[in-house]
Amino acid sequence: MSQQKNETLILIVALLITGGLLAVGYFAFMRWQSGTPENIPDSSQTSPSQPSPRPDAGEVAGSVSRGDRLLVSGQTSAAKRGGIEALAAGDYDRAIAQFEASLQDNRNDPEALIYLNNARIGDRKAYTIAVSVPVSTAENAAQEMLRGVAQAQNEVNEAGGIGGVPLRVVVADDANSPQVSPKVAASLVEESDILGVVGHFGSDVTRAAAPVYEEGELVAITPTSTSVELSTAGDYIFRTVPSDRFTGNALAKYAIERLRLRRAAVFYNGQSSYSRSLKDEFTTALYGDGGEVVAEFDLADPNFNAFRAYEEAKQRGTEVIVLAANTATIEPALQVVRVNRGELPILGGDSLYKPETLKVGGDSEDMVVAVPWHVLAVPSSEFPGAARQLWGGDVNWRTAMAYDATEALIAAIAENPTRRGVQEALSDPGFSAEGATGTIRFLASGDRNQAVQLVRVEPGRRSGFGYDFVPVSEGL
């Protein structure tokens, strides 16, 4: 009985500390997001759902904008609203002036930059793409994705367009919901001038919309959905983010070859397609390299207890902890980090690449996380500097992957500006485009043919939290 009371007391203290840090981390995150690096949530959501066979596109008409309505309410001003009103009225000169004034006050607003470029096009001929982001439920993530699309649109239009034709961007809010995304997809399919879509955010959300894009023969390139289930989603579904197969292999290889450890415990969310996918891919890769997963714990279980789970993991001979949490289960995952107190090495998926992890402090030091891209990983790349000049601060992997998705669509449109032509161009084994992360190529499955980047939590000043994510070099 005494031992149980002690365990309960320790857990309560851990919960209070973690909750307080997460609250502080949230407000710091909101400030950090406006122009400083590494504010990275995960690439998934929970509770998969099937799309309705015939989604009603009309239900989401108010969530789709060519610049005639405000979607990102957290980034607004009188000038921006004036620009939107002018663009809706067809007064392009006034719209341009208003959007330029808005961006002078807040250059870090991607929605305003997209609408400015649309206003500059006016009623001239343009090639059109769409981007679907979770504005109403995850505005920070939505803006990170929008920055990548806006930067690519701005660059191609400043360079004269695609074969002399400018690029227009339609913005949609899918609420990161598997129930809403098929309706958004149907709305975009009905807009016959749209040649491709950048989106969606979560794996379950993209999976729900995929059949609609397939039926409508409209390409969708997701920059953030990593579940392996999307590898068989259809001929019109692509992604610029590496799938969980790459992440699972990288983490397993790191455990076996670098840490020399073979017995792992995996913490995941059984309700999340992304989380299950990462757990399964890591488990398969670890077994293939001679290791084994000795324990699995569902972070979403109502009875989950970090202290007891951790003790059970150690009793089973665990040598390394793997956190395959998604956004919904970050808090219990960080409870595991606190209970561990640096005793066992911890590895994690990209959902752990966020300020809350750094705020845990010394308990998260040396944690290794797999991400698609890091701003410091390729010093010779021109993209980070161009992004910093445009937005006034560093960007993260979500922005880089959205930029790459847009660059891929631009290259495909240049080859054949029709919906089927875009799909055929992207599917060609010889297709390539240059993006933020290097050359963009797709496998036959539509997956990105690119490895992931491992980063480690180390003391530093870049984030402002006392710890930074730093790329793991090959020699370490």
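See the structure printed just above.
Rules behind the numbers
- Residue positions are counted from 1 within each chain, in the order its sequence is given.
- Two thresholds apply to this predicted model, a pLDDT of at least 70 for residue-level local features and 80 or more for giving and counting side-chain atom pairs, whereas whole-chain, interface and lining totals are computed over all residues.
- The basis for every side-chain value is the complete set of non-hydrogen atoms in the structure, without hydrogens or water.
- Exposure categories follow from relative accessible area, calculated using a 1.4 Å probe and restricted to protein chains: below 20% of the type maximum is buried, above 50% is exposed, and the middle band is partly exposed.
- Secondary structure elements follow DSSP: runs of H or I no shorter than four residues count as helices, runs of E no shorter than two count as strands, and numbering proceeds from the N terminus.
- Strands are treated as partners if at least two bridges between them are detected by DSSP.
- For this analysis, a ring pair means two rings from Phe, Tyr or Trp (six-membered ring only for Trp) whose centres lie within 6.5 Å, classed as stacked if their planes differ by under 30 degrees, edge-to-face if by over 60, and tilted for the remaining angles.
- Here, over-ring charges are defined by two tests on the NZ atom of lysine or the CZ atom of arginine: distance to the ring centre within 6 Å, and angle to the ring normal within 35 degrees.
- Salt bridge, as used here: a side-chain nitrogen of Lys or Arg that lies within 4 Å of a carboxyl oxygen of Asp or Glu.

Participant: Please provide a residue-by-residue account of the pairing of strand β9 (residues 320-324), values included.
Facilitator: Looking down a regular strand, the side chains alternate between one sheet face and the other. In terms of burial, β9 is a largely internal element, five of the five residues being buried. Across five bridges, strand β7 (residues 263-268) lies against β9 in parallel orientation. Paired with Tyr268 across the two strands is Ala324, which belongs to β9. Inspection of the sheet shows β9 paired to strand β10 (residues 346-348) by three bridges, in the parallel sense. Looking at β10, one finds that Leu323 is bridged to Gly348.

Participant: Let's hear about the packing of aromatic side chains: which residues, and what values?
Facilitator: The final tally for this structure, using the stated rule, is eight aromatic pairs. Between the aromatic rings of Phe238 and Phe442, the centroid separation amounts to 5.2 Å while the plane-to-plane angle is 65°, which identifies the pairing as edge-to-face. Residue Phe238 is found in strand β6 (residues 237-239), and its partner Phe442 is found in the loop between β13 (438-440) and β14 (453-459); the two are separated by 204 residues along the sequence. Accessibility expressed as a relative area gives 4% for Phe238, which makes it buried. Members of the aromatic cluster, each reached through a chain of ring pairs, are Phe238, Phe431 and Phe442. Between the NZ or CZ atom of Lys279 and the centre of the ring of Tyr268, over which it lies, the distance is 4.9 Å. Taking the ring centre of Trp397 as reference, the NZ or CZ of Arg398 above it sits at 5.4 Å.

Participant: Go over the pattern of salt bridges, please, and point to the residues and values.
Facilitator: A complete count under the given rule lists 24 salt bridges for this structure. Arg420 is paired through a salt bridge with Glu217; the nearest N and O atoms lie 2.7 Å apart. Of this pair, Arg420 sits in helix α15 (residues 419-427) while Glu217 sits in the loop between α7 (203-216) and β5 (220-222), and the two are 203 residues apart along the sequence. Residue Arg420 is classed as partly exposed on the basis of its relative accessible area of 45%. Classification of Glu217 by relative accessible area gives partly exposed; the value is 32%. One salt-bridge network, in which partners are shared between bridges, spans Asp204, Arg207, Glu229 and Arg276.

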